[in-house]
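Inside the fold
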Amino acid sequence: MEKKLTTAALVYAALGLAGGVFFREFTKALGTTVPTTLSVVHAHYLLLGTVFFVLLAVVEKGFALSAARGYKGWLAVYHIGLNVTVAGLLTRGVLQSTGTVLSRGLDASLSGVSGLGHLLLGMALIALLVLL
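The following paragraphs examine the structure supplied in this document.

Parameters at a glance
Residues numbered from 1 in each chain as written. Predicted model: local features only at pLDDT ≥ 70, side-chain atom pairs only at ≥ 80, totals over all residues. Heavy atoms only, no water. Helix = DSSP H or I, 4+ residues; strand = E, 2+ residues; numbered from the N terminus. Buried < 20%, exposed > 50% of the residue type's maximum accessible area, 1.4 Å probe, protein only. Contact = heavy atoms within 4.5 Å. Areas by Shrake-Rupley, 256 points an atom, 1.4 Å probe, with all protein chains shown as cover. Lys, Arg positive; Asp, Glu negative; His and termini not counted. Charge placed at Lys NZ, Arg CZ, Asp CG, Glu CD. Salt bridge = Lys/Arg side-chain N within 4 Å of Asp/Glu carboxyl O. Axes fitted to C-alpha atoms, helices over the stretch in contact; angles between N-to-C directions. Parallel < 35°, antiparallel > 145°, perpendicular 65-115°, else oblique. Phe/Tyr/Trp six-rings, centres within 6.5 Å; stacked < 30°, edge-to-face > 60°.

1. Let's talk about the overall build of the chain
A count of helices and strands for the chain gives 4 helices and 0 strands. In the chain, which comprises 132 residues, the proportion classed as buried is 33%. If you take every contact in the chain between residues at least 6 apart in sequence, the share linking residues at least 24 apart comes to 80%. When the accessible surface of the chain is split by element, carbon and sulfur atoms take 73% of a total near 7500 Å². Counting 9 positive and 4 negative side-chain charges, the chain places the averaged centre of each group 3 Å from the other.

2. Section: the pattern of salt bridges
Here the structure, examined in full by the defined rule, presents 3 salt bridges. Arginine 24 serves as the salt-bridge partner of glutamate 25, at 3.0 Å between the closest nitrogen and oxygen. A relative accessible area of 34% means that glutamate 25 is categorised as partly exposed. Here lysine 28 makes a salt bridge to glutamate 25, at a shortest N to O gap of 3.7 Å. Here lysine 28 and its partner glutamate 25 are both found in helix α1 (residues 2-30), 3 residues apart, which amounts to about one turn of the helix. Connected via shared salt-bridge partners are Arg24, Glu25 and Lys28.

3. Concerning the packing of α1 against helix α3 (residues 71-98)
At their nearest, the axes of α1 and α3 sit 11 Å apart, and the two run at 5° to each other. One way to sum up the angle between α1 and α3 is to call them roughly parallel. Judged by residue contacts, Leu5, Ala8, Tyr12, Phe22, Phe26, Thr27 and Leu30 of α1 engage Tyr71, Leu75, His79, Leu82, Asn83, Leu90, Val94, Ser97 and Thr98 from α3.

4. Quick look at the packing of aromatic side chains
In total, this model carries 8 aromatic pairs according to the counting rule given. Relative to phenylalanine 53, the ring of phenylalanine 52 has its centre 5.2 Å away and its plane inclined at 90°; by these criteria the two rings are edge-to-face. Each member of the pair phenylalanine 52 and phenylalanine 53 is classed as buried. Their ring planes at 15° and their centres at 4.2 Å tell us that phenylalanine 52 and tyrosine 78 sit as a pair that is stacked. With a gap of 26 residues between them, phenylalanine 52 in helix α2 (residues 41-63) and tyrosine 78 in helix α3 connect regions that are remote in the sequence. Assigned by exposure class, phenylalanine 52 and tyrosine 78 land together as buried. Among the aromatic residues, those joined into a ring-pair cluster are Tyr12, Tyr45, Phe52, Phe53, Tyr71, Trp74 and Tyr78.

The structure is reproduced here in C-alpha cells:
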C-alpha cells in the first residue's frame, strides 16, 4: 500500500509544480498584477497532496492503516475533496486573471464548489484521525 501512497504523492507533486508554472506563465502572459486564487493551487497540491501522502505512507508503514475498515472510503473522499477544491480554485483564478465579471449566482456557485471540496477534505481527515 505504501507504493500507492508514494505514487499519489508523486502525482500531486507534479500537479503542484504544474499549477505553479501555470500560475506564473498565465498571469504573466495576461499582464495580471492583482492577486488571484491561482497563486494557491500549487500550495494546495504540494501540501495537501504531496506532503500529506508522504506522511501517510510513513504512518501506513508503522500502523498498517490500510487493514482498517473504511480505509479505502475515506481515502477516495480525500482525493475527490482535494481535486474538487483545486478545480474551484483554478476556475476562479482563471476568471479573476482574465477580469471576467461574475454574476452573484456564479460567484456563489464557485465558492460552493471550493467549499464542498474543503468539506470533503475535512471529513476525510476526521475519518483518518478516527482510524488512527
